[in-house]
Every structure is written in structure tokens, then in C-alpha cells.
Amino acid sequence: GQGLSPALFSTIKGNPTLDHARAVAAAIRTGGHDGVIAVGGGTAMEVAKVALLLHGEGLEAERFLVPTRPLPADLSAPPRQRLAPLVCLPTTAGS
């Protein structure tokens with residue numbers, strides 16, 4: 001496309017970890033990408049959502065892992081900046 005520099009990140013497998021989301025966020029940052037298109041099942045879409053939040057807000061994922069306590073005020077608030085666009089193209093029909 002005109003003026004586009006797409007990149008493929010295809011190393012995500014089932015049962016992703018935070019390291020997968022961090023790797024995608026780093027790829028977004030180093031590639032200077034404006035958005036993400038996630039193609040696949042839940043894994044691809046969930047990793048893309050977390051990666052965009054980590055990239056856009058510059059947050060550490062562990063701060064979200066507080067299931068027994070309320071989230072800190074800065075995490076409960078709306079994003080401080082507009083997050084990059086995300087387009088999800090599911091390739092599964094559910095189970």
C-alpha cells in the first residue's frame with residue numbers, strides 16, 4: 001500500500017503469556033506501526049489487545065494482575081492517550 005510498512009508477527013501459539021504481549025508491544029514500538037490487525041482465534045486477538053495497551057500506555061502488565069484488590073486509580077481510569085487502532089479478524093466460530 002501507499003506509505004504503508006506492514007510487518008508480520010506470527011510466533012504466537014496457544015496459551016500465550018505476558019512475554020508474548022510484551023514482544024508484540026516491542027515490535028509495534030520498534031516498527032513504528034500505527035495499528036494492529038489480529039487474524040486468528042482468541043489467542044491472537046487477546047495478545048493484540050494487551051500488547052496495544054502496554055504499548056500505548058507504557059504500563060507493566062503485572063500491575064493488572066491484582067485479582068484480590070481493586071485496581072490502582074491510574075489503571076481504573078480511561079487510557080491517558082488514544083490507543084492505536086485494532087482490527088480483529090476471527091478465523092474461528094467458537095467452541
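Residues numbered from 1 in each chain as written. Predicted model: local features only at pLDDT ≥ 70, side-chain atom pairs only at ≥ 80, totals over all residues. Heavy atoms only, no water.

### Looking at the overall build of the protein chain
Regarding its fold elements, the protein chain presents three helices and two strands. Counting helices and strands in the order they occur from the N terminus, the protein chain gives α-β-α-α-β. Residues counted as buried form 20% of the 95 residues belonging to the protein chain. The contacts in the protein chain between residues at least 6 apart in sequence include a share of 69% that link residues at least 24 apart. A total of about 6,700 Å² of accessible surface is found on the protein chain, and carbon and sulfur atoms cover 58% of it. (Helix = DSSP H or I, 4+ residues; strand = E, 2+ residues; numbered from the N terminus. Buried < 20%, exposed > 50% of the residue type's maximum accessible area, 1.4 Å probe, protein only. Contact = heavy atoms within 4.5 Å. Areas by Shrake-Rupley, 256 points an atom, 1.4 Å probe, with all protein chains shown as cover.)

### Comments concerning helix α1 (residues 18-31)
Over its 14 residues, α1 runs 20 Å from end to end, which matches the ideal 20 Å to within 8%, given 1.5 Å per residue. Once α1 ends, the next one or two residues include G32, with phi positive near 65°. (Expected span 1.5 Å × (residues − 1).)

### Some remarks on a nonpolar patch on the surface
A contiguous nonpolar surface patch, about 360 Å² in accessible area, is contributed by I37, V39, V87 and L89. For the nonpolar patch, the secondary-structure elements that each account for two or more residues are β1 (36-40) and β2 (86-90). With respect to the helices and strands, I37 occurs in strand β1. (Patch = residues over 30% accessible without salt bridge, like charges linked within 9 Å, V, L, I, M, F, W, Y side chains within 5 Å. Salt bridge = Lys/Arg side-chain N within 4 Å of Asp/Glu carboxyl O.)

### Quick look at unusual backbone geometry
The phi dihedral of N15 falls on the positive side, at around 55°, and the residue is not glycine. With respect to the secondary-structure elements, N15 resides in the segment before α1.

### Describing the nonpolar core
One finds A21, V24, A25, I28, V36, A38, M45, V47, A48, A51, L52 and L54 forming the largest nonpolar core, which totals twelve residues. Where this core is concerned, the elements lending two or more residues are α1, β1 and α2 (42-57). Setting aside residues no more than four positions away along its own chain, V47 makes contact with I12, P16, H20, A21 and V24. (Core = buried A, V, L, I, M, F, W, Y, C linked by side-chain atoms within 4.5 Å.)

### Structural notes on the pattern of salt bridges
Throughout the structure, instances matching the rule amount to two salt bridges. Across the salt bridge formed by R22 and D19, the nearest N and O atoms sit 2.7 Å from each other. Taken together, the residues R22 and D19, both in helix α1 and three residues apart, mark about one turn of the helix. Under the relative-accessibility criterion, D19 is labelled exposed at 52%.

### Some words on the environment of E46
Looking at where E46 falls in the secondary structure, it is placed in helix α2. A relative accessible area of 43% places E46 in the partly exposed class. Distance in space between the C-alpha atoms of E46 and A21 is 8.8 Å, their sequence separation being 25 residues.

### As for the confidence of the model for the protein chain
With 68% of its residues at a pLDDT of 70 or more, the protein chain shows a mean pLDDT of 79. The secondary structure element of the protein chain with the lowest average pLDDT is helix α3 (residues 73-76), at 61, and the one with the highest is β2, at 93. (pLDDT = per-residue confidence, 0-100.)

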